[in-house]
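Overview (structure and organization)
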Protein chains: 2
Amino acid sequence: MPPNPSAADAAPEMQATPAFSPLYQQIKGLILQSLQSGEWKPGEAIPSEMDLAARFRVSQGTVRKAIDELAAENLVMRRQGKGTFVATHAEQHVQYRFLKLVPDAGDLDSEGPAQRTVLECRRVRAPAEVARALALRTGDAVVQARRVLAFGGVPTIVEDLWLPGNAFKGLSAEQMADFQGPTYAMFELEFGIRMVRAQEKIRAVAADAQQAQLLKVAPGTPLLSVERVAYTYNDTPMELRRGLYRTDTHHYRNELS
Amino acid sequence: MPPNPSAADAAPEMQATPAFSPLYQQIKGLILQSLQSGEWKPGEAIPSEMDLAARFRVSQGTVRKAIDELAAENLVMRRQGKGTFVATHAEQHVQYRFLKLVPDAGDLDSEGPAQRTVLECRRVRAPAEVARALALRTGDAVVQARRVLAFGGVPTIVEDLWLPGNAFKGLSAEQMADFQGPTYAMFELEFGIRMVRAQEKIRAVAADAQQAQLLKVAPGTPLLSVERVAYTYNDTPMELRRGLYRTDTHHYRNELS
DNA sequence: GAGTGGTCTAGACCACGCG
DNA sequence: GCGTGGTCTAGACCACTCA
């Protein structure tokens, strides 16, 4: 094995660091490419560690360390005795991977799934702010959707979604309403787009008249504003979502370490 | 080496799982005990991997995996070429490890450190709710403190702290105001208590008259209510903190994956 | 019992920090 | 140049799953 053959070959420009990249990072990159290219679909098993080791001509330990990192980033899931599987938003034991709103009391899943009401879903031109978040140009086509989520019959979340028009051609309100399971699971199945990580900006705001009506609260009620940008592989932003959460019976839970 | 000697020895009671525990987990537990007992102080280096391997009579790789997990939990910090160091809230390049409020624009540290105003700091009897959060009994002694944090002269956070009276004997308002650096760093230095992880419950609330005055906003202004329980080793709760954040110029940032 | 991930070892060598 | 953590290997054995 050449000690460090690939890594930074292209442009020998200014770099204080020689850009040393461990073998296992390079392997991780190769596996990531395969994930990205769709060589293995969400929920499927990827080849065994031995197979991958043979394929890349490295030891099993090196593949193992690469997969360890992918598992830590939730891109892949290991199951002892069975194999390593491509992560998916469907059939994941946590129903909503990115939703951190939990009921104040009672079991996490005692509520069951949310009841969805899709109010709107149409193609529009991206406003400047949306375009910026999605790395598009102002005026590019985006799909905009608005919906209300209720838990146990109580409307709790109203949210607006913006999605790049190119990637989400043909997305309809019916599709959003009828699909069983997380919306991100539908994105995987119907559009082949996998959300892999997200970043949220949280604020407290007062409900305006329309929002208040949708959530059945008094206008001016404080609501949690959660602005989320979700990314696919390669740090490509693929969704902007702005949710308003009622926090009288639920709260946003966060673990710090 | 006996294959699995320690682990669950004490009570052979009902357990569907034979409670198999890998060697590296046991080593991790031993290192954790040493951290807990204060054998190594915050900021100090722990023994090298080779030394620990010799001490516990295992291979370096096993120690390494144990330390890997401790590092992942931010209990310990590795620095290549130098050693492995006990994590500390002082001199950590992120000034405030548990504070996720960031300015909407500008560098994260362009604001500099917060200006603290301690309004109150006294011993009281724990109300039921506080006692529950801190695993005390109602009426036990606790230290209660209230303070305002300002950034660039703008009051942005008002927060109440509750600390177990036993562990924080003698904590004074002056101490809280005068200490340079994060409050959690003071807890380490003055009381030998290290906060290791925390859990937050976030809600949107309306400012009452007093809160509004302290933050110089109109009464009724929506504020982020952040209720944090911070834990030392062993999942022992050692602080309850309730902060109210202005979110007109700042936001709570969260990364999901 | 075969196949998968998980643990453990022992040894070699590399990158980094510091004297 | 030495000691530290970091990488890589090769091989043995263990725990889990499923046919």
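This is a predicted model, so every value here is computed, not measured. (Residues numbered from 1 in each chain as written. Chains lettered and ligands numbered in written order. Predicted model: local features only at pLDDT ≥ 70, side-chain atom pairs only at ≥ 80, totals over all residues. Heavy atoms only, no water.)

To continue, consider the protein's contact with DNA strand D. The environment of DNA strand D is made up of 20 residues, and the closest members are L23, T62 and K65 of chain A together with R64 and R78 of chain B. Measuring from a phosphate oxygen of DNA strand D, one finds a side-chain N or O atom of S59 of chain A at 3.0 Å. Here a base nitrogen of DNA strand D and a side-chain polar atom of Q80 of chain A are 3.0 Å apart. Elements that contribute at least two residues to the surface near DNA strand D include exactly α1 (23-37) and α3 (60-72) of chain A together with β2 (76-79) and β3 (83-86) of chain B. (Near = heavy atom within 4 Å. Polar contact = N/O pair within 3.5 Å; in protein donor to acceptor, adjacent residues only side chain to side chain. Helix = DSSP H or I, 4+ residues; strand = E, 2+ residues; numbered from the N terminus.)

Tallying the contact residues gives 30 residues for chain B and 30 residues for chain A. For the pairing of chain B and chain A, the buried interface totals around 2,600 Å² over both sides, and the portion due to carbon and sulfur atoms is 49%. By the criterion of area lost to chain A, the three top residues of chain B are N254, L256 and S257 of chain B, representing 25% of everything that side buries. There are two salt bridges connecting chain B and chain A. The partner of D104 of chain B in a salt bridge is R203 of chain A, and the shortest N-O contact between them spans 2.5 Å. Summed over the shared surface of chain B and chain A, the result is 21 residue pairs in polar contact (both at pLDDT 80 or more). (Contact = heavy atoms within 4.5 Å. Buried area = accessible area lost by both parts, 1.4 Å probe. Salt bridge = Lys/Arg side-chain N within 4 Å of Asp/Glu carboxyl O.)

Residue and element names in this part refer to chain A. Assigned domains of chain A: these are domain 1 (7-86) and domain 2 (93-252). Of note, the centres of domain 1 and domain 2, computed from C-alpha atoms alone, are 31 Å apart. Between domain 1 and domain 2, the buried area comes to about 650 Å², and carbon and sulfur atoms account for 56% of it. Of all residues in domain 1, Q36, P42 and L75 bury the most surface against domain 2, accounting for 59% of the area lost on that side. Inspection of the domain 1/domain 2 interface yields zero salt bridges. Seen at the junction of domain 1 and domain 2, the total is two residue pairs in polar contact (both at pLDDT 80 or more). At three residues, α1 tops the list of elements feeding residues into the side of domain 1 that touches domain 2. Classifying every residue of the side of domain 1 that touches domain 2 by side-chain character gives six nonpolar, three polar and no charged. (Domains from an automatic or database assignment. Nonpolar A, V, L, I, M, F, W, Y, C, P; charged D, E, K, R; others polar.)

The two copies are related by a screw operation: chain B maps onto chain A through 180° of rotation and 0.0 Å of translation along the axis, at an RMSD of 0.0 Å. Look at the turn and shift together and you get a two-fold axis relating the two. Taken together, the interface assignments show that 100% of the residues at the interface of chain B recur at the interface of chain A, consistent with an identical surface on both copies. (Least-squares fit on C-alpha atoms with pLDDT ≥ 70 in both.)

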